[in-house]
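Structural description and commentary
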Amino acid sequence: MREKLILLFTFILITSCQKNTIEPATVDPLLKVENGSYGNCSFLETPVYIVNKDYVIYQDCYTHKIIIADAASFGTKELSREGFAFDKNGIFVKGEFLKIDTTGFAFLGNNEKLDLWWEAKTKVFKNTTELKGADADTFPRNHGKKQKMVLNNKDANKIKIDYNFYKEENHIYFRNKRTGFDVGTFTSIDKSHLYYKDKDVVFYIDDDKGGIQKLNEVDVNSVRIFNNFLIDKNYLYSENIKIIKSNAIELLAIFPGYRSGCGFDETPGSNFYLFKNIDGFWLVKFSNTVSKRFLGKIFDRNWDPAFDVVDLHKKYGNTRINLPLTPGELALKQAENQVYSTTAVDHSPEYPGGINGFTDFVKKNYAVPKYLIENDIKVKVYASFVIEKDGSLSDIKIRRDPGYGTGKEFVRVLKLIPSWKPATVNRKPVRCLTNIPFNVNDF
């Protein structure tokens, strides 16, 4: 009887691992990079090294450049957040290479200008410049202490894998619950302990969904981490979202999107990623949902103003030399991307046929929910969007949604709208934020 209970208990734990359906990223043909609101950064706020098959890219708030590194030995460790990376020949500091023996490397500190002090073999450096005669002991060290797992007699047979899993008596346990994962092949795929696998299945940890989420469609034999994403021989994934094909995959740049404000701002934050694969170039937005836009096979900076400062690998023959941005370039870029209100422009944007033409188009294409028609309910939905310099619409948002699917349908129709005549300032087209109300079934 006891053995049957144990088998039943084990079965419950094993079957409690959710089988997570792989879902495709949403296709958005109007997707563009939103204005980052963190210090007007052109790229992701924190330093990052993007590792591709043939080359590495270094990024910080204003910098984006290709660096030459030994691919086999290149690594960032945990200090990549400060701007450090290493290969067998030396060290990279904020993307600048210094050929040096890094034995005894230690991070000593930084300042508000993001200058980095560090030491190796008793020598002290500020960024890549050696400080002659400096004493490393006078600099504060910002080292965190590694936590050791304390075992008592009860835990004597436990072998810790990480803070999620441990091994005991030829079984894998997840937070003290026994699982059915194969002990001999069980392993963590990434350093952040999000993705794992054994010989049969790939899975990730999502506490909001109950813990272990299986990804049965991901190929176990070819799965690996690519710049914090999951990848196999077929696709690039973010948790259970299938994004684009992984064949010839490259990550070219990361941009900051929306950053939540103070108080009651519940708008989800976002980041934007520029990818290249066998099909061509892609822009992908990561927020509370994942959406993508196919850009084309040949890179064109005119796809998005954010691409003006991207430095491509020489094999694409489309590089930018003057990086990082100078203050003048940054000011020009900010001016070019400025979004005006309708009261701040010389001439407001115009829809072909005027506001009546706009209303007629929406009425013709809007599918009113049956519930509203059957119950003779009249509602109004409010939306805002940016009319770009070319007259296209971007950043479509529903500001007031009465429900019944009315807001979602309004977004769908707005994405079908023909180009407007853009707003102008000093006779030049500018981006303009517009607010539009729509009476859903007032016709």
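Residues numbered from 1 in each chain as written. Predicted model: local features only at pLDDT ≥ 70, side-chain atom pairs only at ≥ 80, totals over all residues. Heavy atoms only, no water.

**Considerations on the side chain of Asn227**
Inclusion rule: Numbered from the N terminus, helices here are DSSP runs of H or I no shorter than four residues, and strands are runs of E no shorter than two. N or O atoms within 3.5 Å of each other form a polar contact, as long as, within protein, one can give a hydrogen and the other can take it, and as long as residues adjacent in sequence are counted only when both atoms are side-chain atoms.
Within the element layout of this structure, Asn227 appears in the loop between strand E22 (224–226) and strand E23 (229–231). Among the polar contacts made by the side chain of Asn227, one reaches the main-chain amide nitrogen of Val51 at a distance of 2.9 Å.

**A word on unusual backbone geometry**
To keep it simple, the criterion reads: Buried residues are those whose accessible area, probed at 1.4 Å on protein chains only, stays under 20% of the maximum for their type, while exposed residues exceed 50% and partly exposed ones sit between those limits.
In the Ramachandran plot, Asp376 falls in the positive-phi region, its phi being about 50° despite a non-glycine side chain. Residue placement: Asp376 occurs in the loop between helix H4 (370–374) and strand E31 (380–387). We note that Arg427 has phi near 70°; this positive angle belongs to a residue other than glycine. By the secondary structure assignment, Arg427 is in the loop between strand E33 (423–425) and strand E34 (428–439). Under the relative-accessibility criterion, Arg427 is labelled exposed at 82%.

**Looking at the nonpolar core**
Basically, it comes down to this: Each nonpolar core is a collection of buried residues, namely Ala, Val, Leu, Ile, Met, Phe, Trp, Tyr and Cys, held together in the definition by side-chain atoms within 4.5 Å.
Counting residues in hydrophobic clusters, the biggest one holds 39 residues, and the most contacted among them are Ile243, Phe255, Leu274, Phe275, Phe286, Phe307 and Val310. Counting residues per element, the ones that place at least two in this core are E23, strand E25 (241–245), strand E26 (250–256), strand E27 (271–277), strand E28 (280–286) and strand E29 (290–296). Counting 23 residues, the second-largest nonpolar core is a separate cluster that includes Phe361, Leu393, Phe438 and Val440.

**Some details on the packing of aromatic side chains**
We apply this condition: Any pair of Phe, Tyr and Trp rings, taking the six-membered ring for Trp, is counted once the centres come within 6.5 Å. Such a pair is stacked with planes under 30 degrees apart, edge-to-face with planes over 60 apart, and tilted for the rest. Consider the ring centre and the ring normal. A charge sits over the ring if Lys NZ or Arg CZ is within 6 Å of that centre and within 35 degrees of that normal.
According to the stated counting rule, one finds 41 aromatic pairs in the structure shown. Pairing Tyr366 with Phe438 gives two aromatic rings, centres 5.2 Å apart and planes at 55°, and the pair type is tilted. Placement of the pair is Tyr366 in the loop between helix H3 (354–365) and H4 and Phe438 in strand E34, with a sequence separation of 72 residues. Judged on exposure class, the residue Tyr366 and its partner Phe438 are both buried. Ring pairs connect the aromatic residues Phe43, Phe255, Phe281, Phe299, Trp303 and Phe307, which therefore count as one cluster. Positioned above the aromatic ring of Phe281 is the side chain of Lys276, whose terminal nitrogen or guanidinium carbon lies 5.6 Å from the ring centre.

**So, helix H5 (residues 406–414)**
Definition in use: Whether two residues are in contact is decided by their heavy atoms: any pair within 4.5 Å suffices.
Extensive coverage of H5 is indicated by the burial of seven of its nine residues. If you follow the buried residues of H5, they end up packed against H3, H4, E31, strand E32 (393–400) and E34.

**Notes on the sheet that holds strand E7 (residues 84–87)**
Selection criterion: Pairing between strands is defined by DSSP: at least two bridges between them are needed. In this description, a line fitted to the C-alpha atoms serves as the axis of each element, helices being fitted only across the stretch in contact, and the angle between N-to-C directions of two axes falls anywhere from 0 to 180 degrees.
On the basis of which strands lie adjacent, the open sheet formed by three strands has the order E7-E8-E9 and antiparallel pairing. Single-partner strands in this sheet number two, and they are E7 and strand E9 (96–99). Shown here is a sheet whose adjacent strand axes are inclined to one another by a mean of 25°, direction ignored. Inspection of the sheet shows strand E8 (residues 90–93) paired to E9 by four bridges, in the antiparallel sense. Directly across from Gly90, in E9, lies its bridge partner Lys99.

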